[in-house]
Amino acid sequence: DGGITQSPKYLFRKEGQNVTLSCEQNLNHDAMYWYRQDPGQGLRLIYYSQIVNDFQKGDIAEGYSVSREKKESFPLTVTSAQKNPTAFYLCASSPQLAGNYNEQFFGPGTRLTVL
Amino acid sequence: ILNVEQSPQSLHVQEGDSTNFTCSFPSSNFYALHWYRWETAKSPEALFVMTLNGDEKKKGRISATLNTKEGYSYLYIKGSQPEDSATYLCAFNSGYSTLTFGKGTMLLVSP
């Protein structure tokens, strides 16, 4: 089955701890994205990556970090510097960056709760 | 940050009703407009990619229109069914880098 997997589905962490959210795709897509959703808000872009070993900040990158060491993987680390980390996190991928009309394919999401 | 607005925020209709909602976006630097359907506990799924002014797209009972000059797109659902209950997202594509999403319209269809 081709698709995007995110794990875990639910994640609980204590305040002050870093936590890494996993995102893997087997669609052979070049571009990958991380979004955050809060109640009453649209999807807000955290980071995106066009190719391996390259990534760009999105609209709300502060307090987050990413890596892109492999084409199929784009993990997101929520650091202790992120002031309001409790949210729903969605990962997506597309064949190339959106500039070629390519639709984005989404994973099932991870709900992070920081206690 | 680009402004993409969706209205209404939520909508509750009865089975069989037809409904429509709106996405408004900047009329400059338009490249494409994407519609997604996001059902509870599932991943968002692409419905349409619209690129030309006057575009009309259809998938079953769902259709969409596009007006790039005035910066809006309508999504129509004919004869709503309970399985149409979802959040419908639009996303503006300026062709520059990434998509800018609206907050979505949450549709609930009661049997």
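Structure first, text after, so check above.
The following paragraphs examine the structure supplied in this document. Worth saying up front: this structure is predicted, and the values here are computed from it rather than measured. (Residues numbered from 1 in each chain as written. Chains lettered and ligands numbered in written order. Predicted model: local features only at pLDDT ≥ 70, side-chain atom pairs only at ≥ 80, totals over all residues. Heavy atoms only, no water.)

Focus: the overall build of chain B
A tally of regular secondary structure across chain B gives zero helices and eleven strands. N-terminal to C-terminal, the α/β element order of chain B is β-β-β-β-β-β-β-β-β-β-β. For a compact globule of 111 residues, the expected C-alpha radius of gyration is about 13 Å, and chain B comes in at 13 Å, within 12% of that figure. Principal-axis analysis of the C-alpha atoms gives chain B an extent of 40 × 25 × 20 Å. Expressed as a percentage of the 111 residues in chain B, the buried residues total 49%. Pairs at least 24 apart in sequence give 54% of the contacts found in chain B among residues at least 6 apart. Carbon together with sulfur atoms contributes 47% to the accessible area of chain B, which is approximately 5500 Å² in total. Here chain B contributes 9 positive and 10 negative side-chain charges, whose respective centroids are spaced 4 Å apart. (Helix = DSSP H or I, 4+ residues; strand = E, 2+ residues; numbered from the N terminus. Rg over C-alpha atoms; globule rule 2.2 N^0.38 Å. Buried < 20%, exposed > 50% of the residue type's maximum accessible area, 1.4 Å probe, protein only. Contact = heavy atoms within 4.5 Å. Areas by Shrake-Rupley, 256 points an atom, 1.4 Å probe, with all protein chains shown as cover. Lys, Arg positive; Asp, Glu negative; His and termini not counted. Charge placed at Lys NZ, Arg CZ, Asp CG, Glu CD.)

Concerning the packing of aromatic side chains
As enumerated under the stated definition, the model contains 15 aromatic pairs over all chains in all. Ring geometry for A:Tyr35 and A:Phe106: centres 5.9 Å apart, planes at 40 degrees, overall tilted. Residue A:Tyr35 is located in strand E4 (residues 31–37), and its partner A:Phe106 is located in strand E10 (residues 105–106); the two are separated by 71 residues in the primary sequence. For the pair formed by A:Tyr35 and A:Phe106, the shared burial category is buried. One aromatic cluster is present, formed by A:Tyr33, A:Tyr35, A:Phe106, B:Tyr36 and B:Phe101 through successive ring pairs. Its guanidinium or amino end placed over the ring of A:Phe74, A:Arg68 lies 6.0 Å from that ring's centre, counting from NZ or CZ. One residue, B:Lys59, lies across the ring of B:Phe48, its end atom 6.0 Å from the ring centre. (Phe/Tyr/Trp six-rings, centres within 6.5 Å; stacked < 30°, edge-to-face > 60°. Lys NZ or Arg CZ within 6 Å of the ring centre and 35° of its normal.)

Some details on the pairing of strand E5 (residues 45–50) of chain B
All names here are of chain B. Relative to E5, strand E4 (residues 32–38) runs antiparallel, the two being bridged by five bridges. Following the sheet pairing, Trp35 is matched in E5 by Phe48. What sits between the antiparallel neighbours E4 and E5 is a turn of six residues, in which Ala41 has the positive phi angle 65 degrees. (Pairing = 2+ DSSP bridges.)

Observations regarding the interface of chain B and chain A
The partner chain A presents 23 residues to the 20 residues of chain B that form the contact. For the pairing of chain B and chain A, the buried interface totals around 1800 Å² over both sides, and the portion due to carbon and sulfur atoms is 63%. The interface formed by chain B and chain A holds zero salt bridges in total. Put simply, the parts of the chain that give the side of chain B that touches chain A at least two residues each are E4, E5, strand E9 (86–93) and strand E10 (99–101) of chain B. The class makeup of the residues in the side of chain B that touches chain A is eleven nonpolar, eight polar and one charged. (Buried area = accessible area lost by both parts, 1.4 Å probe. Salt bridge = Lys/Arg side-chain N within 4 Å of Asp/Glu carboxyl O. Nonpolar A, V, L, I, M, F, W, Y, C, P; charged D, E, K, R; others polar.)

Let's talk about the state of the cysteines
Throughout the structure, instances matching the rule amount to two disulfides over all chains. A sulfur-sulfur separation of 1.8 Å characterises the disulfide bridge that pairs A:Cys23 with A:Cys91. Looking down the S-S bond of the A:Cys23 and A:Cys91 bridge, the torsion is -70 degrees, so its handedness is left-handed. Here A:Cys91 lies in strand E9 (residues 87–94) and A:Cys23 lies in strand E3 (residues 19–25), a separation of 68 residues in the sequence. For the residue pair A:Cys23 and A:Cys91, the accessibility class agrees, reading buried in each case. Each disulfide pairs two cysteine sulfurs, and for B:Cys23 the partner residue is B:Cys90, the sulfurs being separated by 2.0 Å. Classification of the bridge connecting B:Cys23 and B:Cys90 rests on its S-S torsion, roughly 75 degrees, and on that basis the disulfide is right-handed. Residue B:Cys23 is located in strand E3 (residues 19–24), and its partner B:Cys90 is located in strand E9; the two are separated by 67 residues in the primary sequence. Judged on exposure class, the residue B:Cys23 and its partner B:Cys90 are both buried. (Disulfide = S-S within 2.5 Å.)

Here's the deal with the side chain of B:Asn93
Structurally, B:Asn93 is set in strand E9. In terms of polar contacts, B:Asn93 uses its side chain to reach the side chain of B:His34, at 3.3 Å. (Polar contact = N/O pair within 3.5 Å; in protein donor to acceptor, adjacent residues only side chain to side chain.)

Regarding the sheet that holds E3(A)
All names here are of chain A. Strand order in the open sheet formed by four strands is E1-E3-E8-E7, with antiparallel pairing between adjacent strands. Where the open sheet ends on each side, the last strands, each with one partner, are strand E1 (4–7) and strand E7 (64–66). Each adjacent strand pair in this sheet contributes to an overall mean axis angle of 20 degrees, direction not counted. Two elements, E1 and E3, share four bridges in a ladder whose sense is antiparallel. Residue Gln6 lies in a different strand from E3, and its bridge partner there is Cys23. (Axes fitted to C-alpha atoms, helices over the stretch in contact; angles between N-to-C directions.)

Examining the nonpolar core
Residues B:Leu33, B:Trp35, B:Phe48, B:Leu75 and B:Tyr88 are the most contacted members of the largest nonpolar core, which totals 22 residues. Here this core takes four residues from E9(B), the largest share from any one element. In terms of nonpolar packing, the next biggest core, distinct from the first, is built from 19 residues, A:Ile46, A:Phe74, A:Leu76 and A:Leu112 among them. (Core = buried A, V, L, I, M, F, W, Y, C linked by side-chain atoms within 4.5 Å.)

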